[in-house]
Structure formats: structure tokens, C-alpha cells
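Here are the chains, one letter per residue:
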Amino acid sequence: MDGINLKGIFKAYGAIRVLEDVSVDIDSGEVLCVVGPSGCGKSTFLKILALITMPDAGSMKIGGTDVASMNQKELENFRRKKIAYSFQEPLLLPYLSAFENIACVVGAPRDIVVDVMKQFRLGNRMNHTPTKLSVGEKKRVDIARALLRNTDFLITDEPLSNLDPGTSEVVMMKLMEYASRGKTVVYSSVEPAEARYADKVLNMLTSPHGQSP
Amino acid sequence: MVSLGVLFVASARKVYRERGWSTGMIVVFSISLVIGMVIPSIGYGLQLGLQSYMNTVFTYVVVANAGGCNEPGLDYCLNITTSLINNISSIRDIQNVYPVAVNQTDIIQLIAFNGSTVKDYHDFDSVVMGGPNGLPPDMVTTLCSKIIGNSGFLLDSALINQLPPSNNSLYTVCINCYPTGMQPFNASLEGTCAESSLLTNVDLIWNATFLQNVLGGESYRSSFDNSGFVLVKVDNVRNVEGVVKTLAGSLGQFGLTPIYDQANLLNAQSLESNLALPYTIIGGAAIAAGGLLMILVSYISTVRRRWESGLLETQGWSRKEIFRFQTVYLLLLSCASFTISMAFSFVVLPFLSTNLAIYGQIIAIKPSTNDLFYLIGLIFSVAVPFASSFLSYLSAGKHSLDQTLREN
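Residues numbered from 1 in each chain as written. Chains lettered and ligands numbered in written order. Predicted model: local features only at pLDDT ≥ 70, side-chain atom pairs only at ≥ 80, totals over all residues. Heavy atoms only, no water.

## Observations concerning the overall build of chain B
Our working definition: The way it works is that DSSP assigns letters per residue, a run of H or I at least four long becomes a helix, a run of E at least two long becomes a strand, and they are numbered from the N terminus. In this scheme, a residue with accessible area under 20% of its type's maximum is buried, one over 50% is exposed, and one in between is partly exposed, where area comes from a 1.4 Å probe on protein chains only. Residue contacts are defined here by distance: any two heavy atoms, one from each residue, within 4.5 Å place the two residues in contact. Charged-residue counts in this description rest on Lys and Arg as positive and Asp and Glu as negative, His and the chain ends being excluded. To locate a charge, take NZ of a lysine, CZ of an arginine, CG of an aspartate or CD of a glutamate.
For chain B, the count of helices and strands is 13 helices and 12 strands. The principal-axis extent of the C-alpha atoms belonging to chain B is close to 110 × 50 × 30 Å. Among the 408 residues that make up chain B, the fraction classed as buried is 50%. Long-range contacts, defined here as pairs at least 24 residues apart, represent 80% of the contacts in chain B between residues at least 6 apart. Charged side chains of chain B number 20 positive and 25 negative; the gap between the two group centres comes to 27 Å.

## Regarding the overall build of chain A
Here is the rule we go by: For the radius of gyration, the atoms used are the C-alpha atoms, and the globule rule reads 2.2 Å times the number of residues raised to 0.38.
Helices and strands together make up the secondary structure of chain A, namely six helices and 10 strands. Compactness check: chain A gives a C-alpha radius of gyration of 17 Å against a globular reference of 17 Å for 213 residues, within 12% of the reference. Reported as C-alpha extents along the three principal axes, the dimensions of chain A are approximately 45 × 35 × 35 Å. Each of the 213 residues in chain A was classed as buried or not, and the buried ones make up 56%. Once local pairs closer than 6 in sequence are excluded, the contacts in chain A between residues at least 24 apart make up 70%.

## Some words on the packing of aromatic side chains
Residue and element names in this part refer to chain B. Applicable threshold: Between 30 and 60 degrees the pair is tilted, below 30 it is stacked and above 60 it is edge-to-face, where a pair is any two Phe, Tyr or Trp rings, Trp via its six-membered ring, whose centres lie within 6.5 Å.
One pass over the full model with this rule turns up 15 aromatic pairs over all chains. Ring geometry for Y44 and F373: centres 5.8 Å apart, planes at 80°, overall edge-to-face. Here Y44 is found in helix 2 (residues 19-58), whereas its partner F373 is found in helix 12 (residues 371-396), with 329 residues between them in sequence. Measuring from ring centre to ring centre gives 6.2 Å for F153 and Y171, while their planes differ by 50°; the resulting arrangement is tilted. With F153 in strand 5 (residues 152-156) and Y171 in strand 6 (residues 170-175), this residue pair connects regions lying 18 residues apart in the sequence. Its relative accessible area of 0% is what places F153 among the buried residues. Residue classification places Y171 among the buried positions, given a relative accessible area of 8%. Following the ring pairs from residue to residue traces out a cluster consisting of F153, Y171, F185, W206 and F210.

## So, the sheet that holds strand 5 of chain B
All names here are of chain B. Short version of the rule: Any two strands with at least two DSSP-identified bridges between them are counted as paired. Structural elements are reduced to axes, namely lines fitted to C-alpha atoms, with helices fitted over the stretch in contact, and the angle between N-to-C directions of any two is expressed from 0 to 180 degrees.
Strand order around the closed barrel formed by six strands is 3-4-8-5-7-6, with mixed pairing between neighbours. Sheet twist, expressed as the mean angle between neighbouring strand axes with direction ignored, is 50°. Two elements, strand 3 (residues 103-113) and strand 4 (residues 116-129), share 11 bridges in a ladder whose sense is antiparallel. Each residue of the ladder has a partner; that of T105, found in strand 4, is F124.

## What about the packing of helix 11 (residues 319-348) of chain B against helix 12 of chain B?
All names here are of chain B. Selection criterion: These descriptions rest on fixed angle ranges, namely under 35 degrees for roughly parallel, over 145 for roughly antiparallel, 65 to 115 for roughly perpendicular, and the rest for oblique. Left-handed describes a crossing in which the near helix is turned anticlockwise from the far one by less than a right angle; the clockwise case is right-handed. When residues are grouped by polarity, Ala, Val, Leu, Ile, Met, Phe, Trp, Tyr, Cys and Pro land in nonpolar, Asp, Glu, Lys and Arg in charged, and all others, Gly among them, in polar.
Where helix 11 contacts helix 12, the axes come no closer than 8 Å and their chain directions differ by 155°. By the criterion of interaxial angle, the relationship of helix 11 to helix 12 is roughly antiparallel. Where helix 11 crosses over helix 12, the two elements pack in a sense that is right-handed. By residue class, the composition of the contact of helix 11 with helix 12 is 14 nonpolar, nine polar and two charged.

## As for the pattern of salt bridges
Filter applied, for reference: Salt bridge, as used here: a side-chain nitrogen of Lys or Arg that lies within 4 Å of a carboxyl oxygen of Asp or Glu.
Applying the stated criterion across every chain, the model contains 20 salt bridges over all chains. One salt bridge in this structure joins A:E76 and B:R319, with 3.7 Å as the shortest N-O distance. Separated into two different chains, A:E76 in helix 2 (residues 72-82) and B:R319 in helix 11 make up a pair that spans both. On the basis of relative accessible area, A:E76 is assigned to the buried category, the value being 16%. Between A:E100 and B:R13 there is a salt bridge, with its nearest N and O atoms 2.4 Å apart. Taken together, the residues A:E100 in helix 3 (residues 98-106) and B:R13 in helix 1 (residues 4-17) connect one chain to another. Here A:E100 falls in the buried class, since its relative accessible area comes to 8%. Connected through salt bridges with shared partners, the residues B:K14, B:E18, B:R304, B:R305 and B:E308 form a single ionic network.

## Remarks on the side chain of A:T151
Structurally, the position occupied by A:T151 is in the loop between helix 5 (135-148) and strand 7 (153-156). Excluding residues that lie within four positions of it along the chain, A:T151 makes contacts with A:K81, A:K82, A:I83, A:A84, A:Y178 and A:K183.

## Brief notes about the state of the cysteines
We apply this condition: When two cysteine sulfur atoms are found within 2.5 Å, that pair is recorded as a disulfide.
Applying the stated criterion across every chain, the model contains one disulfide over all chains. Here B:C144 pairs with B:C193 through a disulfide, and the sulfurs are 1.9 Å apart. Between B:C144 and B:C193 the disulfide shows an S-S torsion of about 100°. By sign, it is right-handed. Of this pair, B:C144 sits in helix 4 (residues 137-144) while B:C193 sits in strand 7 (residues 185-193), and the two are 49 residues apart along the sequence. Here the two residues B:C144 and B:C193 agree in accessibility, since each one is buried. A:C40 supplies the cysteine sulfur nearest to A:C33, a cysteine that is in no disulfide, at a spacing of 11 Å. In this structure A:C33 comes out as buried when scored by relative accessible area, which is 0%.

## Some words on the environment of A:K61
Residue and element names in this part refer to chain A. As for its position among the elements, K61 is in strand 4 (residues 57-62). Along the primary structure K61 and G3 are separated by 58 residues, whereas in three dimensions their C-alpha atoms are 8.1 Å apart. Setting aside chain neighbours within four positions, we find K61 in contact with G3, I4, N5 and D66.

## Things to note about the interface of chain A and chain B
Threshold: By definition, the buried area sums, over both parts, the 1.4 Å-probe accessible area that each loses when the two are put together.
Taken together, the contact between chain A and chain B spans 24 residues of the former and 25 residues of the latter. Contact with chain B buries surface across chain A, with A:R80, A:L91 and A:Y95 losing the most and accounting together for 29% of the total. The interface formed by chain A and chain B contains five salt bridges. A salt bridge links B:D402 to A:K47, with the shortest nitrogen-to-oxygen separation between them at 3.3 Å.

## A short note on helix 6 (residues 165-179) of chain A
Residues and elements named next belong to chain A. Threshold: Take the residue count of a helix, subtract one, and multiply by 1.5 Å to get its expected span. When we speak of the arc, we mean the arc of directions from the helix axis to the C-beta atoms. Nitrogen and oxygen atoms within 3.5 Å of one another constitute a polar contact, given that in protein one can donate a hydrogen and the other can accept it, and given that sequence-neighbouring residues count only through two side-chain atoms.
Between the first and last C-alpha of helix 6 there are 21 Å, a value that for 15 residues agrees with the 21 Å anticipated at 1.5 Å per step. Of all the positions in helix 6, only T167, S168, V171, M172, K174, L175, Y178 and A179 are classed as buried. Relative to the axis of helix 6, the buried residues are bounded by an arc of 155° and lie together on one face. Each element contacted by the buried residues of helix 6 is listed here: strand 3 (31-35), helix 4 (110-119), helix 5, strand 7 and strand 8 (184-189). For helix 6, the capping residue at the N-terminal end is D164, with a side-chain oxygen 3.1 Å from the backbone nitrogen of G166.

## Observations concerning the confidence of the model for chain A
Test applied: Each residue gets a pLDDT score, which is the predictor's confidence in that residue and runs from 0 to 100.
Here chain A averages 91 in pLDDT, and 95% of its residues register 70 or above. Within the model, pLDDT remains below 50 along residues 207-213 of chain A, and this stretch shows 18 contacts once partners closer than five positions in the same chain are excluded.

## Some remarks on the side chain of A:K200
Residues and elements named next belong to chain A. Tracing the chain through its elements places K200 in strand 9 (residues 200-203). For K200, a relative accessible area of 18% corresponds to the buried category. Looking at K200, its side chain comes within polar contact range of the main-chain oxygen of D25, at 2.6 Å. Within the structure, the side chain of K200 is placed 3.2 Å from the side chain of E30, a separation counted as a polar contact.

So, in C-alpha cells, the structure goes:
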């Protein structure tokens, strides 16, 4: 399975240049960590990978498909089938419980959802609505939801923020286990130390952006 | 593919867990539907009441002797033969012919005179309502705004002063005191009838059943077996003028003349046609306003948290699935609203009944629970969720996913 190949990605919001000439190659089954301080463009980069926004310039191949040449409908279909995404600020439907936010939204079987939630230490929070969950708990629900979509590419924005070390370890293990099934995982972090789980690191501290092993 | 079950569960949760918003939506939906159902029903009821009145009253024409029925020439009225009635029945556009028997009712007043008590007889030309040779009950009920009970009679309102003094409106009366000498009996005045061309030859109306009980079958039949005048029922109010012309042409040679209230007929037709358009416009505007209000509120509800659509899109939902989800959610609300508004309309409409005073009569206007308006309400309840969700679907296409998610 082909991974992700980006070359010369450029993105600006008005006069603000967020990404300039970013290139990265990730093979399937690999884990990429995008590291950098707040505001350096990590989230924008991840949104481009998740096809939530498109770059102003550069070439993008995901799973061997040139997504830059796709029309809107093709992009939507590709994203729907191939890419799972979890947000930096966890986004849950406020009227569904933690369990329903995963089961209803993803359509996964009940026992699998329960199993994953227990692994993510959410076993006693299943029937709680988002207003009764801590930020960290919401974050885990968001990541669990993305994991259960079982897509070829999983993009998760700062998955370890607001998590205690023990839970961070559990989450990272799940992401690595996911990648071990031949899937491509991309995550971001402000902490360089959190890049230790990744096969590759895209360091956005050094500009122009480049990748290091 | 998101299953219908999942869409239903998620929608039901949204309705239940966002109770404040859901209640507000249901209230606005219900008000919109009530506006769309009740206001047209009022206009429809008014038109129906007027049409019913016109069809009940103005479609009747009296055929009577041109000379009237002046006493003592009551027999002079009795020249309408069976063959003549058959001739009238054969005229085009005539639905029915009612020969009406006329007889004399005497109300007896006891007067002290020179140390003794004498009887004073007050004569009234009387007819019966119902039975053979009687007035049609629906016509009497409409003209007199009252159903005659089993103990009395109705009187022409213009003759009320000719009644002798009475306690509790109870009178001693007799039918055909002369020459048959029938026994007097007691009866009460139950009400009065406004003056009408249809009651030209009538002073007093009896309930046929009551008189049969009091007089006995044989006496009753002998008293009311004549044809004092004929009441002609025309099939449609628009054909009355034509029938009257035909009747006048063909019956003049027999000394008979058709009697009808031309001025009021024309006034009523004019009123009906003048009311039809404004009430249709008001009804249509009410339905349109109700529908637009529903669409507006539904649309606001779908775009107030646009990021929800964005979130679902990032989680693999297609825009069609999001459209279905919004539709199911709105359908739940609109179906609940439809049920509430229908029940509310059933309860409220009877309280909106009113009386319209017209041509000396009182027409009861009852806003009708017309099935058409409920059908329109039901169609709105189903169509509006689809329309609003579709608008939201179209509007979502104008925003990028990134923009949509930033509305969080």
C-alpha cells in the first residue's frame, strides 16, 4: 500500500505564510510525528493531510493517488473512505454520550466500541455526555472514534495533550498497533520528546521544513 | 453507510437531550401549523355557513295563490291539485316539491264579560314541520334558529303582539275549532321565526309529531291533508331565478304565483362571491406564512451548529447522510408538532364558532375541521424537514470543510 508523498507544499492565510515548501514521504505502516511549537503550522499541515483544507501549491499523493488533481466530490469520497482525523480540540456531538459519539458516528459494533473505550480508560464514562467529561477524556473519545474507522490513514492532532503519562502511553501504543497493521499514522506534538514513538519526525522548528529520521 | 436506525437514535437523542431547543422548535412548528390550519378553517367555515344558509333558505320558492289566503277564504288557498304539483315537479332544476297543508289554529283567551267567562279566539294560519304536507325541518330550523320541541309551536315574530296574555308562554289552543269542534289542548310558545318570504302564508308552525299525538292520527290527517301552498326546492341557488321565471310563466294561468326574496338572494350571492376571494387569500396567506415560518426555523436549526456537519463529514459521513440525519431530526420534531397542532385545532375550533346576523336570521358559523387543511398540515410536516435539510445541504456546499469546522 502506498503511503503519503508531499512535495513543496505551500499554504498561506492572507498575508500569513503558514507552510512553505514542506515535503515529506511516509510509507504505509509508518508513524510520522510533526513537532513544533504552537502556531508553527502543525494543525494546518495535518488538515492538509486529512484533506480538510487544500494547499495553495505543491503536489500531494496519498495512497498513490494524486489528490491535488481531484475535484471536490472526488476529494470528499476519498477522504471519507481513506482518512480518519481527530481534532486538536476534541469535537464531540453534545447530545450523544461518549459511547454514542463513537458507536453512532462510526457505526462500529457495540462490543468493539466498549472494548476500545475500556482500553482507553473510559469504561466508566461511556454514558456520560461531553459536558460531563474532562478535556482529556473527550480527547480519548475523539481518538478512539478515529481509530475505529479503520481507514488507511489516521491523522491525529496533538493526541497526547491533556493526557497523563500513563494514558498517553496507552494511546500511543494503540496508534503504533494501528500502524503495525500497515496503516499510516500521522500525529503532532509540541513536545519533541513525544516524537520518540514515531518512525519519522517532521520538525517544524527548523525552517524551511524538512524531515529527519 | 449510516443506517436508518443510527440516524433515528442520534436524532432522538438530539431531541431529548436538547430539550429546551426542541421544545422551542415544537412550539414554533405547532404555532405555524395551527396558523396554517385554523385560519383557513375559519374562512372555510364562514363560506360553508353562508353557502349552507343559502342552500337551505334561498333555494326554496313558495308557489301560492296569487290572491293570498285571506280569511275566511282559507279554502281559496286549497286549489293546488296533485296534477299541478306533478307539473311543477317536472320543471327542470327543481329538486323537490313539498305540498304544504295550511290549517287554522285558534289560541283561546278566556275573558270575563258581564259576570260570565267568554272565549275569545285568536286565529293563526298554521302549518306543521315534518311529516307529509309539512315544511322541511332543515328549512324551519335555519329560518327560526330553533328546532321545535314536542310540546309547542313557533310563531311569526311579527305576530307576537297578537297573542293573548299568558303565564309561562302556555296557551290553550285548538285546531279547526270550527266547524269540526275539535277539543282544545295546551301548548307552549317555543320561539319566533324572523319574517321571510318562505313564511308568507304561515303564522304558526307545529311539530307534526306533537300534533299527531295530541289530535290522534285520524283527526291529524283530516286536518292536514290539503295543499295550502307548495314549497319548491331548487337544486342550486344559481338556478332559482330561472326556475322562478318558468314557474311564473306556466302557473299564472292557474292563478298561482312564485314567491321568493329576490333582493336577499342577490345580496347573499353577492356576499358569498365577495367573501370567497378575500377568505381564500387570507387562508392561502396563512398557510404560506405557516410554511415559511417552519422552513425558516428549521433552516436556522440546521445551520446554527454547522460544525456538527463538518464533524460528521470528517468522520466519514457523506453529505447525503448528513442531509438524512437532519431530515430525520426535523421530522421527529415536525411530526410531534403536527400531532399537537391537530389536537389543539380540534379543541380550539369549536370555541371559534360564532353567529352571523344576516337578513334577520342568525347564521351559525362553525369553523370546520376540514380534512384538506389537515392534509396540508401533514404535507408541510413532512415536506418542510426535507426542504430545510436540502437548503442546508446546498448551503454546506458553499463552505469549505475547514471553514465549517472553524464555526465551532
